[in-house]
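For reference, the chains in residue letters:
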Amino acid sequence: MNRLAKITLIALMVISLVMTVLYFLNTEGDNLEGWTYAFLNWAYIMLALAIVLIIVLPFLTIRQRKINYKSVIFTIVGIVVVLGGAYLLAPATPVVLATGAVHEGPAVKLTETGLIVTYFLIAVAFLSIIGGAVYNGLRKN
């Protein structure tokens, strides 16, 4: 990883850590709704950045890796299918916060979409780990 990428990654992690600590320090305060929106907006920014990087990075590194264009296109189509499916599955039911405020609309839909994608990716990672361990165990015997 080059120097700029490392610095950017560290900066984003530090900002995320600071946002998390500030949010939990201010859960007892009067401005809980404002901190909740700030925390959610940061999560939306990070989700959007991840999606953009997932789509753009294969095209930027295609010459260095000497890969097939077909595999890049299939990967992008797979990502679009997962994100689109998660968006369609997100019910967008109203959410009642601890303060009693009810939130509904596109923000809830995006949050639920992010949660569904996260659950899907965790399941895929878990199955990959188990499948890889079983495969390696069977291959060695």
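Residues numbered from 1 in each chain as written. Predicted model: local features only at pLDDT ≥ 70, side-chain atom pairs only at ≥ 80, totals over all residues. Heavy atoms only, no water.

(A) Representation of the side chain of Lys109 in the model. Positionally, Lys109 belongs in helix H5 (residues 106-140). The buried charged residue Lys109 lacks any salt bridge, with Glu112 as its nearest oppositely charged partner at 6.5 Å. (Helix = DSSP H or I, 4+ residues; strand = E, 2+ residues; numbered from the N terminus. Buried < 20%, exposed > 50% of the residue type's maximum accessible area, 1.4 Å probe, protein only. Lys, Arg positive; Asp, Glu negative; His and termini not counted. Salt bridge = Lys/Arg side-chain N within 4 Å of Asp/Glu carboxyl O.)

(B) Here's a closer look at the environment of Thr36. Take Thr36: it is sitting in helix H2 (residues 32-60). Using a relative accessible area of 14% as the deciding quantity, one classes Thr36 as buried. Separated by 13 residues in sequence, Thr36 and Tyr23 have C-alpha atoms that sit 7.2 Å apart.

(C) Local environment of the packing of helix H4 (residues 69-89) against H5. Interaxial distance between H4 and H5 falls to 8 Å at its minimum, and their mutual angle equals 125°. The orientation of H4 relative to H5 falls into the category oblique. You can see that H4 and H5 cross each other, and the crossing is right-handed. Facing H4, whose interface residues are Val82, Leu83, Ala86, Tyr87, Leu88 and Leu89, H5 presents Lys109, Thr113, Ile116, Val117 and Phe120. Each residue belonging to the contact of H4 with H5 can be placed in one class, and the counts come to nine nonpolar, one polar and one charged. (Axes fitted to C-alpha atoms, helices over the stretch in contact; angles between N-to-C directions. Parallel < 35°, antiparallel > 145°, perpendicular 65-115°, else oblique. Left-handed = near helix turned anticlockwise from the far one by under 90°. Contact = heavy atoms within 4.5 Å. Nonpolar A, V, L, I, M, F, W, Y, C, P; charged D, E, K, R; others polar.)

(D) Summary view of the environment of Tyr37. Relative to the helices and strands, Tyr37 resides in helix H2. On a C-alpha basis, the gap between Tyr37 and Ala11 in space is 21 Å, while along the polypeptide they are 26 residues apart.

(E) Summary view of the packing of aromatic side chains. Scanning all chains against the criterion turns up two aromatic pairs. Arranged with centres 5.0 Å apart and planes meeting at 20°, the rings of Tyr23 and Phe39 form a pair that is stacked. With a gap of 16 residues between them, Tyr23 in helix H1 (residues 3-25) and Phe39 in helix H2 connect regions that are remote in the sequence. The exposure class assigned to Tyr23 is buried, which follows from its relative accessible area of 17%. Accessibility expressed as a relative area gives 28% for Phe39, which makes it partly exposed. What links up through ring pairs into an aromatic cluster is the set Tyr23, Phe24 and Phe39. Taking the ring centre of Tyr87 as reference, the NZ or CZ of Lys109 above it sits at 4.9 Å. (Phe/Tyr/Trp six-rings, centres within 6.5 Å; stacked < 30°, edge-to-face > 60°. Lys NZ or Arg CZ within 6 Å of the ring centre and 35° of its normal.)

(F) Looking closely at H4. An ideal rise of 1.5 Å per residue puts 30 Å on 21 residues; H4 measures up with 30 Å between its terminal C-alpha atoms. Those residues of H4 lying buried are Val72, Ile76, Ile79 and Ala86. One side of H4 carries all its buried residues, which in axial view fall inside an arc of 95°. In H4, the exposed positions that point more than 90 degrees away from the buried face belong to Lys70, Phe74, Val81, Leu88 and Leu89. (Expected span 1.5 Å × (residues − 1). Arc of directions from axis to C-beta.)

(G) Quick peek at the layout of surface pockets. Approximately 390 Å³ is the volume found for the largest pocket. Lining the largest pocket are 18 residues, and of these Leu47, Gly114, Val117, Thr118 and Leu121 lie nearest its centre. Going through the elements one at a time, H2, H4 and H5 are the ones with two or more residues in the lining of the largest pocket. In terms of residue count, H2 provides more of the lining of the largest pocket than any other element does, eight residues in total. Of the residues that constitute the lining of the largest pocket, the class distribution is 15 nonpolar, three polar and no charged. Computed from the structure, the second largest pocket encloses a volume of approximately 330 Å³. In terms of lining, the second largest pocket is formed by 12 residues, of which the most central are Ala5, Thr8, Leu9, Leu53 and Leu57. For the lining of the second largest pocket, the elements supplying multiple residues, two or more each, are H1 and H2. For the lining of the second largest pocket, a count of residues per class yields nine nonpolar, three polar and no charged. (1 Å grid on protein atoms, 1.4 Å probe; cavity = no way out; pocket = protein on both sides within 12 Å on 5 of 7 lines; lining within 4 Å. Points joined across faces, edges and corners; volume = space filled by probe spheres on them.)

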